[in-house]
Amino acid sequence: MLSEKLNKRENEVMNAVFLLSAGKERFLVAPCEILSVLPPKSGFDEEKLERLLRSLELDGYFEMIASDRKGEKVYVVHMREAGLAYKRTDAQRRRAVCFKWGVAAIGAVITFLIGMILRLIFK
(Lines give C-alpha, C1' and ligand atoms only; values in the text may rest on other atoms or scores of the structure.)
Protein backbone atom coordinates (compact mmCIF):
# COMPACT_ATOMS: atom_id res chain seq x y z
CA MET A 1 0.00 0.00 0.00
CA LEU A 2 1.39 3.35 -0.99
CA SER A 3 0.06 5.42 1.91
CA GLU A 4 2.10 3.31 4.36
CA LYS A 5 5.27 4.93 3.14
CA LEU A 6 4.02 8.50 3.56
CA ASN A 7 4.86 10.42 6.69
CA LYS A 8 2.39 12.68 8.51
CA ARG A 9 3.21 15.84 6.52
CA GLU A 10 3.03 14.02 3.18
CA ASN A 11 -0.33 12.54 4.20
CA GLU A 12 -1.64 16.02 5.04
CA VAL A 13 -0.54 17.39 1.67
CA MET A 14 -1.90 14.38 -0.22
CA ASN A 15 -5.24 14.73 1.59
CA ALA A 16 -5.34 18.41 0.57
CA VAL A 17 -4.52 17.64 -3.07
CA PHE A 18 -7.09 14.84 -3.17
CA LEU A 19 -9.73 17.12 -1.64
CA LEU A 20 -9.00 19.91 -4.12
CA SER A 21 -9.11 17.49 -7.05
CA ALA A 22 -12.81 16.85 -6.33
CA GLY A 23 -12.56 13.52 -8.13
CA LYS A 24 -11.10 15.02 -11.31
CA GLU A 25 -8.09 13.50 -12.98
CA ARG A 26 -6.66 16.87 -14.12
CA PHE A 27 -7.07 20.22 -12.40
CA LEU A 28 -5.41 23.57 -11.71
CA VAL A 29 -4.53 24.55 -8.17
CA ALA A 30 -2.61 27.46 -6.67
CA PRO A 31 -0.19 26.92 -3.78
CA CYS A 32 -2.27 29.29 -1.62
CA GLU A 33 -5.32 27.05 -2.18
CA ILE A 34 -3.42 24.00 -0.95
CA LEU A 35 -2.05 25.95 2.02
CA SER A 36 -5.56 27.09 2.95
CA VAL A 37 -6.76 23.48 3.18
CA LEU A 38 -3.79 22.32 5.29
CA PRO A 39 -4.03 22.47 9.09
CA PRO A 40 -2.75 25.84 10.37
CA LYS A 41 -0.52 24.18 13.00
CA SER A 42 1.44 22.28 10.36
CA GLY A 43 3.64 25.31 9.62
CA PHE A 44 3.82 24.93 5.85
CA ASP A 45 5.09 27.66 3.58
CA GLU A 46 5.28 27.64 -0.22
CA GLU A 47 8.85 26.32 -0.27
CA LYS A 48 8.12 23.34 2.01
CA LEU A 49 4.92 22.69 0.10
CA GLU A 50 6.80 22.68 -3.21
CA ARG A 51 9.32 20.12 -1.88
CA LEU A 52 6.59 17.82 -0.56
CA LEU A 53 4.62 18.08 -3.79
CA ARG A 54 7.72 17.15 -5.77
CA SER A 55 8.38 14.15 -3.52
CA LEU A 56 4.77 13.00 -3.89
CA GLU A 57 5.17 13.40 -7.64
CA LEU A 58 8.27 11.18 -7.52
CA ASP A 59 6.32 8.61 -5.49
CA GLY A 60 3.87 8.34 -8.37
CA TYR A 61 0.75 9.95 -6.92
CA PHE A 62 0.44 12.63 -9.60
CA GLU A 63 2.27 14.56 -12.28
CA MET A 64 2.68 18.26 -11.68
CA ILE A 65 3.70 21.15 -13.90
CA ALA A 66 4.27 24.63 -12.48
CA SER A 67 2.62 27.32 -14.57
CA ASP A 68 1.61 30.96 -14.42
CA ARG A 69 -1.97 32.29 -14.47
CA LYS A 70 -2.22 36.07 -14.61
CA GLY A 71 0.97 36.47 -12.62
CA GLU A 72 -0.04 33.87 -10.02
CA LYS A 73 1.83 30.59 -9.67
CA VAL A 74 -0.40 27.58 -10.27
CA TYR A 75 0.15 23.87 -10.63
CA VAL A 76 -1.35 21.74 -13.35
CA VAL A 77 -1.92 18.44 -11.59
CA HIS A 78 -2.65 15.16 -13.36
CA MET A 79 -3.58 12.47 -10.87
CA ARG A 80 -2.14 9.02 -11.49
CA GLU A 81 -3.65 5.71 -10.37
CA ALA A 82 -2.01 5.89 -6.96
CA GLY A 83 -3.32 9.41 -6.41
CA LEU A 84 -6.85 8.54 -7.48
CA ALA A 85 -6.85 5.49 -5.18
CA TYR A 86 -5.28 7.35 -2.24
CA LYS A 87 -8.40 7.48 -0.06
CA ARG A 88 -9.18 3.81 -0.66
CA THR A 89 -5.68 2.67 0.23
CA ASP A 90 -5.64 4.94 3.27
CA ALA A 91 -8.93 3.42 4.48
CA GLN A 92 -7.54 -0.09 3.93
CA ARG A 93 -4.43 0.78 5.91
CA ARG A 94 -6.51 2.13 8.80
CA ARG A 95 -8.71 -0.98 8.74
CA ALA A 96 -5.63 -3.22 8.85
CA VAL A 97 -4.21 -1.31 11.82
CA CYS A 98 -7.53 -1.57 13.69
CA PHE A 99 -7.66 -5.29 12.96
CA LYS A 100 -4.13 -5.78 14.32
CA TRP A 101 -5.03 -3.86 17.49
CA GLY A 102 -8.17 -5.96 17.89
CA VAL A 103 -6.24 -9.22 17.52
CA ALA A 104 -3.67 -8.01 20.06
CA ALA A 105 -6.42 -7.06 22.55
CA ILE A 106 -8.21 -10.40 22.14
CA GLY A 107 -4.90 -12.23 22.57
CA ALA A 108 -4.20 -10.31 25.77
CA VAL A 109 -7.63 -11.15 27.20
CA ILE A 110 -7.27 -14.84 26.32
CA THR A 111 -3.79 -14.95 27.85
CA PHE A 112 -5.09 -13.32 31.03
CA LEU A 113 -7.99 -15.79 31.27
CA ILE A 114 -5.75 -18.82 30.71
CA GLY A 115 -3.36 -17.52 33.33
CA MET A 116 -6.20 -17.11 35.85
CA ILE A 117 -7.51 -20.63 35.11
CA LEU A 118 -4.04 -22.16 35.51
CA ARG A 119 -3.54 -20.27 38.75
CA LEU A 120 -6.84 -21.67 40.10
CA ILE A 121 -5.98 -25.21 38.97
CA PHE A 122 -2.48 -25.31 40.49
CA LYS A 123 -3.25 -23.68 43.85
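Residues numbered from 1 in each chain as written. Predicted model: local features only at pLDDT ≥ 70, side-chain atom pairs only at ≥ 80, totals over all residues. Heavy atoms only, no water.

A.B. asks: When you look at a nonpolar patch on the surface in this model, what are you seeing that I'm missing?
C.D. replies: A surface patch of nonpolar side chains, about 740 Å² in accessible area, is lined by Ile 106, Ile 110, Ile 114, Ile 117, Leu 118, Ile 121 and Phe 122. Among the structural elements, Ile 117 can be located in helix H5 (residues 86-121). (Patch = residues over 30% accessible without salt bridge, like charges linked within 9 Å, V, L, I, M, F, W, Y side chains within 5 Å. Areas by Shrake-Rupley, 256 points an atom, 1.4 Å probe, with all protein chains shown as cover. Salt bridge = Lys/Arg side-chain N within 4 Å of Asp/Glu carboxyl O. Helix = DSSP H or I, 4+ residues; strand = E, 2+ residues; numbered from the N terminus.)

A.B. asks: Just to check I follow, could you spell out the nonpolar core for this structure?
C.D. replies: It is characteristic of soluble globular proteins that their nonpolar side chains tend to be buried jointly. Core analysis: the biggest nonpolar cluster contains 22 residues, and Val 13, Ile 34, Leu 53 and Phe 62 have the highest contact counts within it. Counting only elements with at least two residues in this core, the list comes to helix H1 (8-21), strand E1 (26-29), helix H3 (46-58), strand E2 (62-69) and strand E3 (72-79). Leaving out residues up to four positions away in the same chain, Leu 53 has contacts with Val 13, Val 17, Ile 34, Phe 62, Met 64 and Tyr 75. (Core = buried A, V, L, I, M, F, W, Y, C linked by side-chain atoms within 4.5 Å. Buried < 20%, exposed > 50% of the residue type's maximum accessible area, 1.4 Å probe, protein only. Contact = heavy atoms within 4.5 Å.)

A.B. asks: How should I be thinking about the packing of H1 against H3 in this particular structure?
C.D. replies: Each pair of packed helices can be described by the angle between their axes along with the distance between the axes. Where H1 contacts H3, the two axes come as close as 10 Å, and the packing angle between them is 85°. On the basis of the axis angle, H1 is roughly perpendicular to H3. On H3, the residues touching Arg 9, Glu 10, Val 13, Met 14 and Val 17 of H1 are Lys 48, Leu 49, Leu 52, Leu 53, Ser 55 and Leu 56. Across the contact of H1 with H3, the residue classes break down as seven nonpolar, one polar and three charged. (Axes fitted to C-alpha atoms, helices over the stretch in contact; angles between N-to-C directions. Parallel < 35°, antiparallel > 145°, perpendicular 65-115°, else oblique. Nonpolar A, V, L, I, M, F, W, Y, C, P; charged D, E, K, R; others polar.)

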